[in-house]
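Descriptive structure summary
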Amino acid sequence: MSLRVLVVDDDLSVRVSLVRVLCARGLQAVGAGNGAEALAKALESPPEVIVMDLMMPIQSGTDAARAIRREPALSNVPIIALSASPQLVIDGEPLFESVLAKPCRLDHLIDTIARAARR
């Protein structure tokens, strides 16, 4: 069985591109367009890793990560923050396994996903 990854980004083109690339690399990737959708999909079929954009309307990636962390079934799922503004991560709050700046190299993202899944 391959690694299940949930990609959360409000930008449809980014989300679809990441899902396609991850699937082409043998991962089971699905997308969500916002934090509420991510939480629903994660509860329905828990991923092994979540890749989450930080800057999203309605609910930021940070707020979505907090909601995910409150769910007992999801509290230990590694979340990788992906953002054009990585300095927005709140210090001292253990929400994210890693923070990657957009744009990031695909090989770096895949390595980060693999490391997060092994923890």
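A brief look at the structure comes next. (Residues numbered from 1 in each chain as written. Predicted model: local features only at pLDDT ≥ 70, side-chain atom pairs only at ≥ 80, totals over all residues. Heavy atoms only, no water.)

On the basis of which strands lie adjacent, the open sheet formed by 5 strands has the order S2-S1-S3-S4-S5 and parallel pairing. Where the open sheet ends on each side, the last strands, each with one partner, are strand S2 (28-32) and strand S5 (98-101). Each strand axis lies, on average, 20° off the axis of its neighbour in the sheet, ignoring direction. Relative to strand S3 (residues 49-53), strand S1 (residues 4-8) runs parallel, the two being bridged by 4 bridges. Note on S3: the bridge partner recorded for Val-5 is Val-49. Where helix H2 (residues 35-44) meets the sheet, it contacts S1 and S2, and its direction lies at approximately 145° from that of S2. (Pairing = 2+ DSSP bridges. Helix = DSSP H or I, 4+ residues; strand = E, 2+ residues; numbered from the N terminus. Axes fitted to C-alpha atoms, helices over the stretch in contact; angles between N-to-C directions. Contact = heavy atoms within 4.5 Å.)

Turning to the side chain of Arg-69, a few remarks are in order. When you line up the elements, Arg-69 lands in helix H3 (residues 61-70). Glu-97 provides the closest opposite charge to the buried, unpaired Arg-69, separated from it by 6.3 Å. With residues up to four places along the chain from it excluded, the contact list for Arg-69 reads Leu-74, Ser-75, Asn-76, Val-77, Pro-78, Ile-79, Pro-94 and Leu-95. (Buried < 20%, exposed > 50% of the residue type's maximum accessible area, 1.4 Å probe, protein only. Lys, Arg positive; Asp, Glu negative; His and termini not counted. Salt bridge = Lys/Arg side-chain N within 4 Å of Asp/Glu carboxyl O.)

Take the nonpolar core next. Counting 20 residues, the largest nonpolar core has Leu-6, Val-8, Ile-50, Met-52, Ile-68, Ile-79 and Phe-96 as the members making the most contacts within it. Within the residue set of this core, elements represented by two or more residues are S1, H2, S3, H3 and strand S4 (79-83). Considering every element that reaches this core, the biggest residue donor is H3, with 4 residues. Counting residues in hydrophobic clusters, the runner-up holds 17 residues, among them Val-5, Val-7, Leu-22 and Ile-113. (Core = buried A, V, L, I, M, F, W, Y, C linked by side-chain atoms within 4.5 Å.)

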